[in-house]
Amino acid sequence: MLTTICYIEKDEKYLMLHRTKKEKDINKGKWIGVGGKFEEGESPEECIIREVKEETGLTLKNYDLRGLITYNFGENQIEYMYIFTSDDFEGELIECNEGELAWIEKEKVPTLNTWEGDKIFLEKIKNKSNFFTMKMRYEGDTLIEYKIKEY
């Protein structure tokens, strides 16, 4: 599975999505950035622009590819996620059909109910680290191991 996620920044805050509205959702109850699955033939950039617009109403004017994550949730559950950030956007927030959107202070994000691995890569993003790759293995909601490489 190929996915994207974007951490939109404004006034030292990230736009976070509290995933509460879908019944069958691996992210149910978690706070994450905005993004989603690739549609047929999309590039990572096309996917993140579309997903941000659909979920938030915002139009990304500029964005940076910050990392590539490999998630292993089990024998046949592999996900590759492109991580973007942006502080250059326009538009007004809309209601999201996947949960509630909220601007959260960057320092408070690690206190939210997020995936354990997200806390690790969000620290790299917040500190303006170079492009990185990260491989994580989960059992249920528990991060079992991870490897990270910065370029």
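These notes cover the structure that comes with them. On a predicted model such as this, the values are computed, not experimentally measured, just so you know.

At E12, a residue that is not glycine, the phi angle is positive and equals roughly 60°. With relative accessibility at 58%, the residue E12 sits in the exposed group. Not every positive phi belongs to a glycine, and K128 is a case in point at roughly 60°. According to the relative accessible area criterion, K128 is exposed, its value standing at 55%.

For the rest of this paragraph, the subject is the side chain of R50. With respect to the helices and strands, R50 occurs in helix α1 (residues 44-56). A polar contact is formed between the side chain of R50 and the side chain of E42, at a distance of 2.6 Å. Contact partners of R50, with chain neighbours within four places excluded, come to K37, F38, E39 and E42.

A turn of α-helix holds 3.6 residues, and therefore any two residues three or four places apart point the same way. Taken as a whole, helix α2 (residues 116-126) has its buried residues at G117, D118, F121, L122, K124 and I125. Considered in projection along α2, the buried side chains sweep an arc of 155° and stay on one side of the axis. Directly beyond the C-terminal end of α2, a positive phi value near 60° is found at K128.

Let us now look at the pairing of strand β6 (residues 77-90). Across seven bridges, the pairing between strand β1 (residues 2-10) and β6 is parallel. Bridge pairing in β6 links C6 to F84. Pairing analysis gives 12 bridges linking strand β5 (residues 59-74) to β6, with the strands arranged antiparallel. The residue of β6 that forms the bridge with N62 is D88. Counting the residues between successive antiparallel strands, the hairpin from β5 to β6 contains two residues.

In this description, a pair of aromatic rings is defined by centroid distance and the angle of the planes. On inspection of all chains with the given rule, the structure shows 11 aromatic pairs. Ring geometry for Y63 versus F84: centroids 5.7 Å apart, planes at 80°, classification edge-to-face. Taken together, the residues span a long stretch of sequence, with Y63 in strand β5 and F84 in strand β6 at a distance of 21 residues. Judged by relative accessible area, F84 falls into the buried class, the value being 1%. By the ring-pair criterion, three or more aromatic residues cluster together here, those being Y71, F73, W115 and Y138. Between K30 and the ring centre of W115, over which it is positioned, the NZ or CZ distance is 4.7 Å.

In this structure, Y7, I69, Y71, I83, F121, I125 and M136 are the most contacted members of the largest nonpolar core, which totals 23 residues. Elements with a contribution of two residues or more to this core: β1, β2 (13-19), β3 (31-32), β5, β6, α2 and β8 (132-139). No other element matches β8, which puts four residues into this core. Not counting chain neighbours up to four residues away, the residues in contact with I83 comprise I5, Y7, D64, L65, R66, G67, I69, F121, I125 and F132. Core analysis: the second largest hydrophobic core is formed by 13 residues, L15, L17, L60 and F84 among them.

So, how was this worked out
Residues numbered from 1 in each chain as written. Predicted model: local features only at pLDDT ≥ 70, side-chain atom pairs only at ≥ 80, totals over all residues. Heavy atoms only, no water. Buried < 20%, exposed > 50% of the residue type's maximum accessible area, 1.4 Å probe, protein only. Helix = DSSP H or I, 4+ residues; strand = E, 2+ residues; numbered from the N terminus. Polar contact = N/O pair within 3.5 Å; in protein donor to acceptor, adjacent residues only side chain to side chain. Contact = heavy atoms within 4.5 Å. Arc of directions from axis to C-beta. Pairing = 2+ DSSP bridges. Phe/Tyr/Trp six-rings, centres within 6.5 Å; stacked < 30°, edge-to-face > 60°. Lys NZ or Arg CZ within 6 Å of the ring centre and 35° of its normal. Core = buried A, V, L, I, M, F, W, Y, C linked by side-chain atoms within 4.5 Å.

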